[in-house]
Amino acid sequence: MDYKDLSETIIKRSLKKGADAAEVYIQTLRQLEIQVRKGEIEIIQESVSNGLGVRVISKGKLAFASTNDLNDKAIDTTILRAIAFAQSTTPDENNVLPSEKESTIVEGLYDPKIFEIPTQEKISLIIKLEKLAMKNKRITKSDGAWYSEAEEIIYLANSNGLLKQYKSSLCGITIGVVAEKDEEKRSGYESCYRRSFSNLKPLEEIADKAAKKAFNMLNARQVKTQKAAVIFDPDVAYAILNGILTAINGEEVLKGASFLGKKSGEKTGSELLTIIDDGTIPAGLFSSPFDGEGVTTQKRTIIDKGILKGFMYNTIVARRAGVKSTGNAERSNYSALPDIGSHHFYIAAGEPSQDDIIQATKKGLFLKEVTGYGIDAVNGNFSGGAAGFWIEEGKIAFPVKELTIAGTANEMLNDIDMVGNDLELNDQLSAPTFRIKSMQIGGEK
Amino acid sequence: MTYYYISENIPRRVFLKLGITGGAAIALAPSALSQLLYSNASEEAKTNLDIEPQILSRTIKKALEKGGDFAEVYIEHRISRAILLEESKFKSAVFHISQGAGVRVLSGIKTGYAYTEIIDEASLLKAAETASFIAQGAKKIKPVAIKPSKRKSFVKVKVPLETVADAKRMDAMQRAHQAALDYDKKITMVSVTYRDHERKRLIANSEGLFIKDGLPIIYFIVQALAVGEDTQHMGMERVSKRAGFEQLDEVKPEEVARAAAREAVTLLDAKETPAGKMDVVLQNGWGGVLVHEAVGHPLEADNIAKEIGAFTGKMGKKVASDIFTMIDDGTIINARGTTSFDDEGTQMKRNVLIENGVLVKFITDILSARQLTLERTGNGRRQDYRYMPIPRMTNTFIAAGKDKPEDILASTPKGLYVQSLSGGSVNPITGTFNFTCREAYLIEDGKKTYPVKGATLIGSCMEIISNVDAVGNDLDYGPGTCGKSSQYVEVTAGQPTVRIRNINVGGTKG
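Source: prediction; values computed, not measured.

## Quick notes on the overall build of chain B
Right, on to step 1. Within chain B, the regular secondary structure consists of 13 helices and 23 strands.
Right, on to step 2. For chain B, whose C-alpha radius of gyration is 23 Å, the value lies close to the compact-globule estimate of 24 Å for 510 residues.
Right, on to step 3. Projected onto the principal axes, the alpha-carbon positions of chain B cover approximately 70 × 55 × 40 Å.
Right, on to step 4. Across the 510 residues of chain B, 67% fall into the buried class.
Right, on to step 5. Residue pairs in contact within chain B that sit at least 24 positions apart in sequence constitute 76% of those at least 6 positions apart.
Right, on to step 6. Accessible surface, chain B: about 16,300 Å² in total, of which carbon and sulfur atoms supply 52%.
Right, on to step 7. Put simply, chain B has 67 plus and 61 minus side-chain charges, and the middle of one group is 4 Å from the middle of the other.

## Considering the packing of helix H4 (residues 53–63) of chain B against helix H5 (residues 121–132) of chain B
Residue and element names in this part refer to chain B.
Right, on to step 1. With their axes 8 Å apart at the nearest point, H4 and H5 run at an angle of 25 degrees to one another. By the angle between their directions, the pair H4 and H5 is classed as roughly parallel. Of the two possible hands of crossing, H4 and H5 adopt the one that is right-handed. Within the contact between the two elements, H4 uses Ile55, Arg58, Thr59, Lys62 and Ala63 and H5 uses Glu121, Leu124, Leu125, Ala128, Glu129 and Ser132.
Right, on to step 2. Across the contact of H4 with H5, the residue classes break down as five nonpolar, two polar and four charged.

## Let's talk about helix H2 (residues 72–85) of chain A
Right, on to step 1. The end-to-end C-alpha distance of H2 of chain A, which contains 14 residues, comes to 20 Å, matching closely the 20 Å that a straight helix rising 1.5 Å per residue would cover.
Right, on to step 2. Among the residues making up H2 of chain A, those that are buried are Ala74, Ile75, Thr77, Thr78, Ile79, Ala82, Ile83 and Phe85 of chain A.
Right, on to step 3. Where the residues of H2 of chain A are buried, they touch helix H1 (3–16), strand E2 (40–58) and strand E3 (61–67) of chain A together with strand E2 (70–86), strand E3 (89–107) and helix H6 (166–183) of chain B.
Right, on to step 4. One side-chain oxygen of the residue at the start of H2 of chain A lies 3.0 Å from the amide nitrogen of Lys73 of chain A, identifying that residue as Asn71 of chain A.

## A closer look at the interface of chain B and chain A
Right, on to step 1. Each partner contributes to the interface: chain B provides 99 residues, whereas chain A provides 103 residues.
Right, on to step 2. Summing both sides of the interface, chain B and chain A together bury roughly 8,300 Å²; the carbon and sulfur share of this comes to 53%.
Right, on to step 3. Here chain B and chain A share seven salt bridges between them.
Right, on to step 4. Residue Lys89 of chain B is joined to Asp92 of chain A by a salt bridge in which the shortest nitrogen-to-oxygen separation is 3.4 Å.
Right, on to step 5. Taken together, the links from chain B to chain A amount to 41 residue pairs in polar contact (both at pLDDT 80 or more).
Right, on to step 6. Broken down by element, the side of chain B that touches chain A gets its largest block of residues, eleven residues, from E3 of chain B.
Right, on to step 7. In terms of residue class, the side of chain B that touches chain A is built from 41 nonpolar, 38 polar and 20 charged.
Right, on to step 8. The pairing of E2 of chain A with strand E4 (residues 110–116) of chain B spans five bridges and is classified as parallel. Within E4 of chain B, the position partnered with Gln45 of chain A by the bridge is Tyr113 of chain B.

## Re the UniProt feature "domain: Metalloprotease TldD/E central" (unreviewed entry) in chain A
Right, on to step 1. UniProt records the feature "domain: Metalloprotease TldD/E central" (unreviewed entry) for residues 114–218 of chain A in the present numbering.
Right, on to step 2. In this annotation, residues 114–218 of chain A is assigned 28% helix and 48% strand; the end-to-end C-alpha distance for the span is 38 Å.

## So, the domain arrangement of chain B
Residues and elements named next belong to chain B.
Right, on to step 1. Per the domain assignment, the segments making up chain B are domain 1 (2–266) and domain 2 (272–506).
Right, on to step 2. Each of domain 1 and domain 2 has a C-alpha centre, and these two points are 22 Å apart.
Right, on to step 3. Across the boundary between the two partners, domain 1 contributes 67 residues, which contact 66 residues of domain 2.
Right, on to step 4. Joining domain 1 to domain 2, the criterion identifies nine salt bridges.
Right, on to step 5. For the salt bridge of Arg242 with Glu490, the shortest nitrogen-to-oxygen distance reads 3.3 Å.
Right, on to step 6. The interface formed by domain 1 and domain 2 holds 27 residue pairs in polar contact (both at pLDDT 80 or more) in total.
Right, on to step 7. Residues of the side of domain 1 that touches domain 2, tallied by class, amount to 30 nonpolar, 16 polar and 21 charged.

## Examining the domain arrangement of chain A
In many reports, interface size means the accessible area that the parts give up when they come together.
Residue and element names in this part refer to chain A.
Right, on to step 1. If you check the domain split of chain A, you get domain 1 (3–215) and domain 2 (220–445).
Right, on to step 2. Domain 1 puts 41 residues into the contact, and the matching count from domain 2 is 36 residues.
Right, on to step 3. Summed over both partners, the interface of domain 1 with domain 2 buries about 3,100 Å², with 57% contributed by carbon and sulfur atoms.
Right, on to step 4. Contact with domain 2 buries surface across domain 1, with Tyr25, Asn94 and Thr104 losing the most and accounting together for 17% of the total.
Right, on to step 5. Taken together, the connections running from domain 1 to domain 2 amount to four salt bridges.
Right, on to step 6. Two residues, Glu293 and Arg55, come together in a salt bridge whose shortest N-O distance is 2.9 Å.
Right, on to step 7. In this structure, the connection of domain 1 to domain 2 is made through 16 residue pairs in polar contact (both at pLDDT 80 or more).

## Some points on the UniProt feature "domain: Metalloprotease TldD/E N-terminal" (unreviewed entry) in chain A
Right, on to step 1. Following the UniProt record, the feature "domain: Metalloprotease TldD/E N-terminal" (unreviewed entry) maps to residues 22–84 of chain A here.
Right, on to step 2. Taken end to end, residues 22–84 of chain A is 21% helix and 67% strand, and its first and last C-alpha atoms sit 14 Å apart.

## Quick word on the pairing of E2 of chain B
All names here are of chain B.
Right, on to step 1. Taken across its 17 residues, E2 has 16 buried, putting it largely inside the fold.
Right, on to step 2. Pairing between E2 and E3: 17 bridges, direction antiparallel. Paired with Ile83 across the two strands is Ala93, which belongs to E3.
Right, on to step 3. Between E2 and the antiparallel strand that follows it, E3, lie two residues; Glu87 among them carries a positive phi value of about 50 degrees.
Right, on to step 4. Note: E2 against strand E6 (residues 187–205), 15 bridges, orientation antiparallel. Across the sheet, Arg78 pairs through a bridge with Arg199, a residue of E6.

## Concerning the packing of aromatic side chains
All names here are of chain A.
Right, on to step 1. Enumeration over the complete set of coordinates arrives at ten aromatic pairs over all chains.
Right, on to step 2. Ring geometry for Tyr166 against Phe290: centres 5.3 Å apart, planes inclined by 90 degrees, an arrangement best described as edge-to-face. Of this pair, Tyr166 sits in strand E5 (residues 163–181) while Phe290 sits in the loop between strand E8 (275–278) and strand E9 (299–304), placing them 124 residues apart in sequence.
Right, on to step 3. The exposure class of Tyr166 is buried, given its relative accessible area of 17%.

The rules behind these values
- Residues numbered from 1 in each chain as written.
- Chains lettered and ligands numbered in written order.
- Predicted model: local features only at pLDDT ≥ 70, side-chain atom pairs only at ≥ 80, totals over all residues.
- Heavy atoms only, no water.
- Helix = DSSP H or I, 4+ residues; strand = E, 2+ residues; numbered from the N terminus.
- Rg over C-alpha atoms; globule rule 2.2 N^0.38 Å.
- Buried < 20%, exposed > 50% of the residue type's maximum accessible area, 1.4 Å probe, protein only.
- Contact = heavy atoms within 4.5 Å.
- Areas by Shrake-Rupley, 256 points an atom, 1.4 Å probe, with all protein chains shown as cover.
- Lys, Arg positive; Asp, Glu negative; His and termini not counted.
- Charge placed at Lys NZ, Arg CZ, Asp CG, Glu CD.
- Axes fitted to C-alpha atoms, helices over the stretch in contact; angles between N-to-C directions.
- Parallel < 35°, antiparallel > 145°, perpendicular 65-115°, else oblique.
- Left-handed = near helix turned anticlockwise from the far one by under 90°.
- Nonpolar A, V, L, I, M, F, W, Y, C, P; charged D, E, K, R; others polar.
- Expected span 1.5 Å × (residues − 1).
- Polar contact = N/O pair within 3.5 Å; in protein donor to acceptor, adjacent residues only side chain to side chain.
- Buried area = accessible area lost by both parts, 1.4 Å probe.
- Salt bridge = Lys/Arg side-chain N within 4 Å of Asp/Glu carboxyl O.
- Pairing = 2+ DSSP bridges.
- UniProt positions renumbered as here; feature names shortened; annotations may be inferred.
- Domains from an automatic or database assignment.
- Phe/Tyr/Trp six-rings, centres within 6.5 Å; stacked < 30°, edge-to-face > 60°.

This is how it looks when you write it as structure tokens:
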């Protein structure tokens, strides 16, 4: 199908049917998923899907409709539905579409080689991964090993003459294993996702990490309720970053629902804390040439040595706030309106290694797992379930489980007193190891 | 792949990112929030469920051509709407239509799955062929000829969604918005989200099953922001039933809004929560998310079949205190987790899982029931046609006991009174669960005192069900959404007022 023609036709039709501005977002996605367990294939799942979403603005009123049925009649229904719905919403002069013609150049987002590799090779890869993870005697069971890949093409066009597209690929492997001792079970998972097959980490490294996560936690116990230093492993970066991400969402700020809303230009954290959003990293899993509505992506410093520099916007919210879009319109699929979200959102690396940070800690909790909602973006309160290792005299003493940690964002961000050098940008939210000098830990009486 | 199973009653974006660290799969797969809206079928496409039965038979035959012992075709289409009224503006209105068909082949413990979004014979046969490769070389069976099957219905609709004008939906939203603003001067911003969808489904399989129905649902959520001198709080309340628009006449939108506003204003005075182990009294209703997470997920038979689930090998054994009985019941009329049959066509049932402390039943789908030689409990559910069914809960609750709720509180000298919860998660292998309080009070001398800040509660499933030492007579339920293996389904969680001894609380006060 010629999507350029299709996009132009849809925009023309929308304008003809009464829209003052229109946008079409087309997504085509091909996916493969394989699960093996105990050396045998358990699941193979394959799919191709296409869908499109039409956003219309009529007399300042916004509506959206989408379909995965791409025949003419269904597309017409979609356009008419969007226009009909736009009669009911509230007019707002800020409801506009972007008109930027340029895109950011981001290398390495697509690797066709992934899809040329025979399926059998992908199956053998995860069978080997599972075998390696099971090699350790302390590992008793496998939860499975997974391979997944996806190929996606995005077409985006609007009535301001914007017309863009890009193609991306993704492949990844995951292993899950269980270590047991008497009645106690501990699970460990590790994944690696990349834009290219050839960039996947060595299987030994992934297998070893998953196995260690499981058996290192055997015999975990509790400690007494107390205040102590807390070291965040890179695996739990989300626990601190997720709430900050919501709190710097420009729309939450306008709603008055952000604890950071009135802090722009002010000190919000320790001088060691720098937070960046970057949509331009070559081959980055969360990089793209343009955002969910066609605005160029960029690299932005959100918090610079503790000072809050700004918020994140899409086009409409930026206009409401009287600023320019920051290229943070997030649209994860064709049936979603552009929201506001991050690209690679991370805490910048510091100097010490993880070992240095542990050695510098007389007593504390080395966090490997945090559960719960993280920081409440409305008021900054934080409370979570915690597991990891107890540190005594600069050394890992024993694993700990079912603890709680709590504090406020203000205290936590200002109390960061060490930031490590081990930053890896594998997730949407990433951080190197860092330490908060004191937090309330809940445990035994 | 799932590390944590989660359930919650608030917009789930936040929790997903915290609960499932499944790596970058989320880069290309639909985000959690939009998955709820992903959906739908063109109204014109209604005929797709009227596909000729012979085409279904030929698809099943094709699926079993290479071998295998079970094949199934699932066809779905969906129409859904989402309207947002926020900051006194109808900011957006979203309409979705989608259709799709999934073909599944089982061969022993193996599953092949493929789906198509074009519903014609050629596309169905192609999906069947893709799914069939898994069974290459396996023993062949002859499918039973399909014929219309009957199931008892538990979804009664008075006002079908498609007969309701959008103006009526927006009127309910506006009334809620105004009621929240009018509740108190401290309420500065209100957000009302209205979502509904009608999911029509058809299931046919090699056992001869052939069945169709349509499932409507509404999710109506009010969030209210209260601003105090030095803090602010977002209160929330929601209603949801598997029923038509009549549900918004039965439960007044204004009442939902006032409940959200009351919570927001109340919590402006919240003080620090103590940290560490204490006794917890959980008020009746959505607090049942505790057993949903701590016990329900670990009782799902897929992890039992893998021999990694926390309850592996515990069938028939005493796992909880004598007063603890837990039920999963997909037949509660029009409840959010109710259907007439599950997404594999199995009739919905009332399943007692733990009876007076003894484990008596696991939650199964067709695959896990075959693996473990257990009965099919009617829990094979899927988010939509893009996913294969897996064992899931429906409406899960602790059965009512004998204690009066006021006596439970009065006999607790010191502890935490949890009036409502946000959501929770569990690692089904280790059994470690957590859940987050929305509205909680400190208990002193058997009385509720002042409100405290939302805190995380954490523990292990085996311990917690042994530590339940009081069960009230006031069973009630609340609606929520449950995530497992990237699939989101509608559920209800319920419980009477209960007391649990010695839970670890994530407070800031030492």
